[in-house]
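Architecture and fold: a report
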Amino acid sequence: MRAWAPGRVNLIGDHTDYTGGLALPMALNLGTTVEGDLGGEMVRLRSDGEDGEAAVPLSIEDPRAVEPAWARYVAGVVWAVRPRVGFDGRVTTTLPIGAGLSSSAALEVAMALALGFAGSPLELALACQQAEQRASGVPSGILDQLASASGVAGHALLMDCHALTVTPVPVPDDVEVVVVDSGQARTLATSAYGDRRAACEAAEDRIGPLRTATVADVERLEDPVLRSRARHVVTENQRVQGFSAALSAGRLVECGRLMVESHRSLAEDFEVSTPRLDALVATLTATPGVFGARLTGAGFGGCVVALAEPGAIEGGWHVRGADGARVG
Ligand code: GLA
């Protein structure tokens, strides 16, 4: 059995998925391969890049108690998928681990397929979202796993996280998507992610679903922190729509402007940026031939994504939209 699953970069639409909003990720041509044989009563996996072995009983109840830490994602998948037989194999990846390109989602999705999961891409993503939450204790949304499961080569994926639909949006040939690692580990991501999600839920208790709220609704919120958090979500959903339309029409200057606005909103209203991410975005956007740049994913470190004319940015990962996860 052999399965491959891509990582993802989010072009725009961060911290919108868990309130049923919009996002525009792209499955990457970087990903994770799980290869091995079905059989036995344990799921065993060794990694080329990480120490130790994952050795997970089929009846696993608490994936967070498993060691080494990377094996928790394997345990989360076993917990979510409940395979009837075990597995013995290896995992290799071309993704940077823990840099914010969803290396954990790629491992989960590849592992689930290697264990014989046979549902639709959406069912695969939902099972792996459960696995991620169980493994990490973070109440993460569907973005990463759905991007990995349903990628389309040469396209970004317009995701409606309420309807759970994915609409491929072609990425023009004359533009480059470049991912640059800030080198800053995402230390606060776990606790702060839960705080931000709780703030969005508190705002929704007062003004109703953020996915249908207007900026005028948000301005009615009395608490200034909730108002800022909600304003980010409502305006970010609008930017995803504007960016998707502009990308399809090849209006790249407009795409870049929306990326810069998105970064500012994530930094000032949602407060998930860092000085290092801000500086990297400023350097990239001041570079000739770069349309725009923004932090991508949860924030608090990790990567920045830029849209640029070919050749404008040296270094980083020059990525393309890839097909979603597959067996074989
Ligand atoms: C992480 C989560 C996703 C999403 C992003 C922010 O990647 O796993 O569900 O919330 O952060 O957009």
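Up top is the structure these notes are about.
Described in the following lines is the structure provided in the data block. (Residues numbered from 1 in each chain as written. Predicted model: local features only at pLDDT ≥ 70, side-chain atom pairs only at ≥ 80, totals over all residues. Heavy atoms only, no water.)

Overview of the sheet that holds strand β11 (residues 317-319)
The line we're drawing: Here the rule is simple: two strands pair whenever DSSP picks up at least two bridges between them. Secondary structure is summarised from DSSP: a helix means a run of H or I of at least four residues, a strand means a run of E of at least two, and numbering begins at the N terminus for each. For every element, the axis is a line fit to its C-alpha atoms; helices are fit only across the contacting stretch, and the angle between N-to-C directions ranges from 0 to 180 degrees.
If you walk across this open sheet you meet the 4 strands as β9-β10-β8-β11, and the pairing is antiparallel. Because the sheet does not close on itself, it has two edges, and the strands there are β9 (290-295) and β11. Each adjacent strand pair in this sheet contributes to an overall mean axis angle of 25°, direction not counted. Pairing between strand β8 (residues 176-181) and β11: 3 bridges, direction antiparallel.

Quick notes on helix α4 (residues 143-150)
This is how the line gets drawn: Categorising residues by exposure relies on relative accessible area from a 1.4 Å probe, with only protein chains included: less than 20% of the type maximum marks a residue as buried, more than 50% marks it as exposed, and the intermediate range marks it as partly exposed.
Taking burial as the measure, the 8 residues of α4 include 7 buried ones, the bulk of the element. What α4 keeps buried is the set Leu-143, Gln-145, Leu-146, Ala-147, Ser-148, Ala-149 and Ser-150.

Concerning the environment of Leu-28
Rules: The criterion used for residue contact is that any of the two residues' heavy atoms lie within 4.5 Å.
With respect to the helices and strands, Leu-28 occurs in strand β2 (residues 22-38). Remark: the alpha-carbon pair of Leu-28 and Leu-146, spanning 118 residues in sequence, is separated by 13 Å. Sequence-distant contacts of Leu-28, that is, excluding residues within four places in its chain, are made with Trp-4, Pro-6, Gly-7, Arg-8, Val-9, Leu-95, Leu-101, Val-319, Arg-320 and Ala-322.

Regarding helix α8 (residues 252-268)
It helps to recall that an α-helix has 3.6 residues per turn; residues three or four apart then point in one direction. For clarity, the threshold we go by: Here the expected length of a helix is defined as 1.5 Å per residue gap, with one fewer gap than residues.
With 17 residues, α8 extends 24 Å between its outermost C-alpha atoms, agreeing within 8% with the 24 Å of an ideal straight helix rising 1.5 Å per residue. Every buried residue of α8 is accounted for by Leu-252, Cys-255, Gly-256, Leu-258, Met-259, Ser-262, His-263, Ser-265 and Leu-266. In this structure, the buried residues of α8 make contact with β1 (2-12), α7 (224-248), α9 (275-285), β9 and β10 (303-308).

Focus on unusual backbone geometry
With omega at -10°, the peptide bond leading from Glu-67 into Pro-68 counts as cis. Residue position: Pro-68 is located in the loop between β4 (53-57) and α1 (71-81). Within the chain, His-15 stands out as a residue other than glycine whose phi angle is a positive 60°. Note that His-15 resides in the loop between β1 and β2. A relative accessible area of 5% places His-15 in the buried class. For Glu-271, which is not a glycine, the phi torsion comes out positive at approximately 55°. Structurally, Glu-271 can be placed in the loop between α8 and α9. Looking at Glu-271, the relative accessible area reads 43%, which means it is partly exposed.

Regarding the pairing of β9
In terms of burial, β9 is a largely internal element, 5 of the 6 residues being buried. Where β9 lies against β10, 5 bridges are found, and the strand directions are antiparallel. Residue pairing in the sheet places Arg-294 in a bridge with Val-305 of β10.

Structural notes on the site of the ligand
Inclusion rule: In this text, near means that some heavy atom of the residue lies within 4 Å of the molecule or strand in question. Counting of polar contacts relies on pairs of N or O atoms within 3.5 Å, with two restrictions inside protein: one atom must be capable of donating a hydrogen and the other of accepting it, and residues adjacent in sequence are counted only when both atoms are side-chain atoms. All accessible areas in this document rest on Shrake-Rupley with a 1.4 Å probe, and a residue is counted as covered only by the protein chains that are shown. In this count, Pro and Cys sit with the nonpolar residues alongside Ala, Val, Leu, Ile, Met, Phe, Trp and Tyr, while Asp, Glu, Lys and Arg are called charged and the others, Gly among them, polar.
The ligand sits among Arg-8, Asp-14, His-15, Asp-17, Tyr-18, Ser-140, Gly-141, Leu-143, Asp-144, Tyr-193, Gly-297 and Ala-298. Note that an oxygen atom of the ligand is positioned 2.7 Å from one of the side-chain N or O atoms of Asp-144. Here the ligand loses 93% of its free accessible area of 310 Å² to cover by the protein chains. The residue makeup of the shell around the ligand, split by class, is 4 nonpolar, 4 polar and 4 charged.

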